Amino acid sequence: MTQTTRQHLTKKMASRACLAAAVAASSRGGVSAFGTSSIGRSGLMARSLSSISSNNLFSSYPPSTTHATSINKNDLSNRISSVAPSRSFQLNMSTVAAGATTARRVKTAEAEVSDEQVSIKGWVRTVRKQKTLAFVEVNDGSNLSGIQCVLPFDSVDEDTMKEIDNLTTGCSIHAVGQIIKSQGGKQAVELSASSLRIVGTCPGDTFPLAKKRHSLEYLRTIAHLRPRTNTIAAVARVRSTLAGSIHKFFQGEGFNYVQTPLITASDCEGAGEMFRVTTLDIDDVASLPRAKDEEGKELAGVDYAEDFFGKAAFLTVSGQLGGETHACALGDVYTFGPTFRAENSQTTRHLAEFWMVEPEMAFADLTSAMDNAEAMLKACVGDVIEKCEEDLEFFGKFFDKGLKVRLDKLVSKPFVRCSYRDAIKHLQEEIAKDPSKWQFPDVEFGTDLATEHERWLAETKFDSAVFVYNYPKSIKAFYMRDNDEDGGETVNAMDLLVPGVGELVGGSQREERMDVLVEKMKELDLDVEDYWWYLDLRRFGSVPHAGYGLGFERLVTYVCGIENIRDAIAFPRYPGNAEF
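From a predicted model like this one, the values you see are computed outputs, not experimental measurements.

## Here we look at the side chain of K476
Next, step 1: Counting through the fold element by element, K476 comes out in the loop between β18 (466-472) and β19 (490-498).
Next, step 2: A distance of 3.2 Å separates a polar atom in the side chain of K476 from a polar atom in the side chain of D495.
Next, step 3: Sequence-distant contacts of K476, defined by excluding residues within four places in its chain, comprise Y471, V491, A493 and D495.

Quick look at the structure:
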């Protein structure tokens, strides 16, 4: 550890110790960890933390028995953890320092009738002023409806009266008062405010989010502000709930969470649609190192041996291959992180940067993967139904009137399982009735199902989530296990199709036989040497294993009932757009 690092760590520990001591003192009526003092809460907090030298706490690093006063380093560490300031305390530090009475902060989603003075902090949606009182609708992001703050003019101070005159849509405020039963019919409770302060002003004449309904297309141009709208805020809350539920499900099933690299030299899908990572100066083409043949003659390509990683590198399209390495040691694992695809697609279903959930299970087959995927989706969607009722009602009202019924059906009804060959037969029979209704009427064995085919199967044929399995080898990735029963014409793969979206999950049993895997890689012109480590999993203790990938943004669009995947992520990346 360098001297600079040591000094920085000592200062940081000193600051935390001082803050913890102040909190502890406030709860003991002024007895400080630095000695008994008559200084009260406001006096302690008003003191500059920097006025207490770190040398008064630790004379050197790491000391063996050095004391700040009567507290040694270990005791102080325990003290810090036991009295670490809560979020509400941190938010109220300026009020405490000023000597004012503090009020516990509550989120609007948790507001309940109480005699206690509480604090509401958020952003103003609307302001209505009458002769004797004002109504201010405040939203803090914790729920859709926010809370109405009622400010009777005869019960607030002069400063609050001045602030009321300056309130505008979009400004941030801090209001204090009591949560009471609402006298209106639109909300159950409201804040009877005794004081209100503007934290951050918002000029109404330039604020892009006036009180009207904006198109989702327009909101994408102001992605930094669109979380303040009902739609995008509701999407964000549902997305957060889904993410937490995914972790909860896999952790509850005994899976280990693995973080696989974003930079890779391997093309997991074998499609070649990858973003290149390089530190070579591509603006100076003449300076790029040229690849050479064995005789030293320059070739057309770049010599990536001279690049940062010593070889060509890319942003990953999947964490699957890395996940397999840990599954072959830990048993069951999952990854959950960003992936990238350089596919020039402007559809409502594709992003260039998106998140994937990818479990891998050792000693498992395709049936194991389908069972796990079904259980995971039922658990996660069930959590959203339970925790995001208000947001789902909003989506059902403005985006998909059948949303609640569809989600309830997914949770309660077993998923259908249909072979690819049978799915093709069903489609051929339906298309033959009137081919003109279909954009892609030509369907046969080997056809990569289009979205219209997938949605017909899920929405019309089965009216259910449906696993289609045993796909043709020619349209699936190299790592999928060949089926023995049909001579390797199909692979042990599946896609989960759901109403309203189409494909939501794709998975397979992985090819554990090394000789078969090497031959498949050669057929696809993949450099076997690039995958030496992946092949080692087959050399040393190979096991049958399976897994799948869930496109997280597609799950969000499905659960929210929104059409465009660009509204399911905070800052969408797609061809021609990398703003914010």
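## With respect to the packing of helix α8 (residues 230-252) against helix α11 (residues 389-398)
Next, step 1: The contact between α8 and α11 brings their axes to 10 Å, and the two run at 130 degrees. On the basis of their axis angle, the class for α8 and α11 is oblique. The way α8 lies across α11 gives a crossing that is left-handed. Taking contact as the criterion, the partners of N230, T231, A234, V235, R237 and V238 in α8 are, on α11, D391, F394 and F395.
Next, step 2: Looking at the contact of α8 with α11 residue by residue, the class counts come to five nonpolar, two polar and two charged.

## Re the sheet that holds strand β17 (residues 416-419)
Next, step 1: The strand order across the open sheet built from eight strands is β9-β15-β16-β21-β20-β19-β18-β17, with neighbouring strands paired in mixed fashion. Single-partner strands in this sheet number two, and they are β9 (256-257) and β17.
Next, step 2: Both β18 and β19 contribute to a ladder of six bridges, which runs antiparallel. Bridge pairing links P472 to T490 in β19.
Next, step 3: Relative to the sheet, helix α14 (residues 451-461) contacts β18, β19 and β20 (502-509), its axis offset from that of β19 by approximately 65 degrees.

## Examining helix α17 (residues 552-560)
Next, step 1: A large share of α17 lies buried, amounting to nine of its nine residues.
Next, step 2: Following α17 by one or two positions, G561 has its phi on the positive side, about 75 degrees.

## Regarding a nonpolar patch on the surface
Next, step 1: A cluster of nonpolar side chains, L262, I263, F308 and F309, forms an exposed patch at the surface whose accessible area comes to about 390 Å².
Next, step 2: Assignment of secondary structure puts F308 in the loop between β13 (298-302) and β14 (313-315).
Next, step 3: In this structure F308 comes out as exposed when scored by relative accessible area, which is 60%.

## Details of the pairing of strand β7 (residues 172-181)
Next, step 1: Among the ten residues that make up β7, seven are buried, leaving the element largely enclosed by the rest of the structure.
Next, step 2: As paired strands, strand β4 (residues 117-129) and β7 are joined by seven bridges and run antiparallel to one another. Bridge pairing in β7 links K121 to H174.
Next, step 3: As defined by bridge partners, β7 adjoins strand β8 (residues 189-200) across ten bridges and the pair is classed as antiparallel. For I179, the partnering residue across the bridge sits in β8 and is L191.

## Section: the sheet that holds strand β10 (residues 263-264)
Note: strands within a sheet are paired through backbone hydrogen bonds, in either parallel or antiparallel orientation.
Next, step 1: Sheet architecture is open: three strands sit in the order β10-β14-β11, paired in antiparallel fashion. Pairing within the sheet leaves two strands with one partner each, and these edge strands are β10 and β11 (276-277).
Next, step 2: Relative to β14, β11 runs antiparallel, the two sharing two bridges. By the bridge assignment, R276 is partnered in β14 with F314.

## What to know about the nonpolar core
Next, step 1: Ranked by internal contacts, the top residues of the largest apolar core, which has 52 residues, are L242, I246, F250, M376, F395, L555 and V559.
Next, step 2: In this structure, F250 is in contact with F255, Y334, V357, P359, N372, M376 and Y548, ignoring residues within four places of it in sequence.
Next, step 3: Counting 31 residues, the second-largest nonpolar core is a separate cluster that includes V118, I120, V189 and A193.

## Comments concerning empty space enclosed by the protein
Next, step 1: Counting across every chain of the model gives three cavities of 30 Å³ or more.
Next, step 2: What the largest cavity holds in volume is close to 50 Å³.
Next, step 3: In terms of lining, the largest cavity is formed by R220, A223, F571, P572, R573, Y574, N577, E579 and F580.
Next, step 4: A per-class count over the lining of the largest cavity returns five nonpolar, one polar and three charged.

## Observations concerning the packing of aromatic side chains
Next, step 1: Counted by the stated rule, this structure contains 20 aromatic pairs.
Next, step 2: Their ring planes at 20 degrees and their centres at 4.8 Å tell us that F250 and Y334 sit as a pair that is stacked. Of the two residues, F250 is situated in helix α8 and Y334 in strand β15 (residues 332-340); the sequence distance between them amounts to 84 residues. As far as burial versus exposure is concerned, F250 and Y334 are alike and both buried.
Next, step 3: Directly above the ring of Y534 sits R538, whose terminal nitrogen or CZ lies 4.2 Å from the centroid.
Next, step 4: Just above the ring of Y574 sits the side chain of R566; from NZ or CZ to the centre is 3.5 Å.

## Focus on the pattern of salt bridges
Next, step 1: For the structure shown, the criterion picks out 30 salt bridges.
Next, step 2: A salt bridge links R406 to D400, with the shortest nitrogen-to-oxygen separation between them at 2.5 Å. Each member of the pair, R406 together with D400, is buried.
Next, step 3: The partner of D482 in a salt bridge is K473, and the shortest N-O contact between them spans 3.6 Å.
Next, step 4: By relative accessible area, D482 is classed as buried at 9%.
Next, step 5: One network of salt bridges, in which partners are shared, links R481, D484, E511, E512 and R513.

The rules behind these values
Residues numbered from 1 in each chain as written. Predicted model: local features only at pLDDT ≥ 70, side-chain atom pairs only at ≥ 80, totals over all residues. Heavy atoms only, no water. Helix = DSSP H or I, 4+ residues; strand = E, 2+ residues; numbered from the N terminus. Polar contact = N/O pair within 3.5 Å; in protein donor to acceptor, adjacent residues only side chain to side chain. Contact = heavy atoms within 4.5 Å. Axes fitted to C-alpha atoms, helices over the stretch in contact; angles between N-to-C directions. Parallel < 35°, antiparallel > 145°, perpendicular 65-115°, else oblique. Left-handed = near helix turned anticlockwise from the far one by under 90°. Nonpolar A, V, L, I, M, F, W, Y, C, P; charged D, E, K, R; others polar. Pairing = 2+ DSSP bridges. Buried < 20%, exposed > 50% of the residue type's maximum accessible area, 1.4 Å probe, protein only. Patch = residues over 30% accessible without salt bridge, like charges linked within 9 Å, V, L, I, M, F, W, Y side chains within 5 Å. Areas by Shrake-Rupley, 256 points an atom, 1.4 Å probe, with all protein chains shown as cover. Salt bridge = Lys/Arg side-chain N within 4 Å of Asp/Glu carboxyl O. Core = buried A, V, L, I, M, F, W, Y, C linked by side-chain atoms within 4.5 Å. 1 Å grid on protein atoms, 1.4 Å probe; cavity = no way out; pocket = protein on both sides within 12 Å on 5 of 7 lines; lining within 4 Å. Points joined across faces, edges and corners; volume = space filled by probe spheres on them. Phe/Tyr/Trp six-rings, centres within 6.5 Å; stacked < 30°, edge-to-face > 60°. Lys NZ or Arg CZ within 6 Å of the ring centre and 35° of its normal.

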